[in-house]
Amino acid sequence: QVQLVESGGGLVQAGGSLRLSCGASGRTFSSYAMGWFRQAPGKDRQFVAQINWSSGSKYYADSVKGRFTISRDNAKNTVYLQMNSLKPEDTAVYYCAVRPGGLWMYRDPRDYDYWGQGTQVTVSS
């Protein structure tokens, strides 16, 4: 099993910034993908960003390109999501997720096996 714990959410004004963290513990894999998703009330869970741990390849949803940056700290088994120029439409619960053996881009939540509990991000106008 893999345990994921997100932190860093909160309330911020439009144009502001937040940095989310997701620490992973438990079972390890030789290669895997870590993704960030978000879910607003009444909407489906939506892909935000992904990083492949072995290659460092990064992928972003079009809606966050140029504003969000995903990064990792190998020593801490932690992935970060730096969110700048936040907009009210970024308001959602943000989740991190792990796909073991991930070498490509995975935008579908069903591609991921392990999920954190989520952290709320609220952007006021």
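This write-up is about the structure you can find in this document. (Residues numbered from 1 in each chain as written. Predicted model: local features only at pLDDT ≥ 70, side-chain atom pairs only at ≥ 80, totals over all residues. Heavy atoms only, no water.)

A few points about the environment of valine 93
Item 1. Within the secondary structure, valine 93 is located in strand 9 (residues 92–100).
Item 2. Dropping the residues within four chain positions of it, valine 93 is found in contact with Phe37, Arg38, Gln39, Gly118, Thr119 and Gln120. (Helix = DSSP H or I, 4+ residues; strand = E, 2+ residues; numbered from the N terminus. Contact = heavy atoms within 4.5 Å.)

Some details on the state of the cysteines
Covalent bonding between the sulfur atoms of two cysteines defines a disulfide.
Item 1. Per the counting criterion, the structure on display carries 1 disulfide.
Item 2. Here cysteine 22 is linked by a disulfide to cysteine 96, with a sulfur-sulfur distance of 1.9 Å. Taking the sign of the S-S torsion, about 55 degrees here, the bridge from cysteine 22 to cysteine 96 comes out right-handed. Highlighted residues: cysteine 22 in strand 3 (residues 18–26) and cysteine 96 in strand 9, separated in sequence by 74 residues.
Item 3. For cysteine 96, a relative accessible area of 0% gives the class buried. (Disulfide = S-S within 2.5 Å. Buried < 20%, exposed > 50% of the residue type's maximum accessible area, 1.4 Å probe, protein only.)

Thoughts on the packing of aromatic side chains
Item 1. Scanning the model with the defined rule gives 6 aromatic pairs in all.
Item 2. Aromatic side chains tyrosine 32 and tryptophan 53 sit 5.4 Å apart centroid to centroid with 15 degrees between the ring planes, which places their arrangement in the stacked category. Of this pair, tyrosine 32 sits in strand 4 (residues 32–39) while tryptophan 53 sits in the loop between strand 5 (46–52) and strand 6 (58–60), and the two are 21 residues apart along the sequence. Accessibility assignment for this pair places tyrosine 32 and tryptophan 53 in one class, buried.
Item 3. By way of ring pairs, the aromatic residues Phe37, Phe47, Tyr95, Tyr112 and Trp115 are connected into one cluster.
Item 4. The residue whose ring lies beneath arginine 45 is tyrosine 95, and the NZ or CZ to ring-centre distance is 3.8 Å. (Phe/Tyr/Trp six-rings, centres within 6.5 Å; stacked < 30°, edge-to-face > 60°. Lys NZ or Arg CZ within 6 Å of the ring centre and 35° of its normal.)

Examining the nonpolar core
The nonpolar side chains of soluble globular proteins are, as a tendency, buried together.
Item 1. Counting residues in hydrophobic clusters, the biggest one holds 36 residues, and the most contacted among them are Met34, Trp36, Leu81, Met83 and Tyr94.
Item 2. Secondary structure elements with two or more residues in this core: strand 1 (2–7), strand 3, strand 4, strand 5, strand 7 (68–73), strand 8 (78–83), strand 9 and strand 11 (119–124).
Item 3. If we ignore the near neighbours within four places in the chain, the residues touching tyrosine 94 are Glu6, Leu20, Trp36, Phe37, Arg38, Val48, Phe68, Leu81, Met83, Gly118, Thr119 and Val121. (Core = buried A, V, L, I, M, F, W, Y, C linked by side-chain atoms within 4.5 Å.)

Some words on the side chain of arginine 67
Item 1. Note that arginine 67 resides in the loop between strand 6 and strand 7.
Item 2. With relative accessibility at 11%, the residue arginine 67 sits in the buried group.
Item 3. Of the polar contacts made by the side chain of arginine 67, one reaches the backbone oxygen of serine 63; its length is 2.9 Å. (Polar contact = N/O pair within 3.5 Å; in protein donor to acceptor, adjacent residues only side chain to side chain.)

Observations concerning the pairing of strand 5
Item 1. Here strand 5 lies mainly inside the structure; 6 of its 7 residues are buried.
Item 2. The pairing of strand 4 with strand 5 spans 6 bridges and is classified as antiparallel. Note on strand 5: the bridge partner recorded for alanine 33 is asparagine 52.
Item 3. The loop that links strand 4 with its antiparallel partner strand 5 comprises 6 residues; one of these, glycine 42, has a positive phi angle of about 80 degrees.
Item 4. Across 3 bridges, strand 5 lies against strand 6 in antiparallel orientation. (Pairing = 2+ DSSP bridges.)

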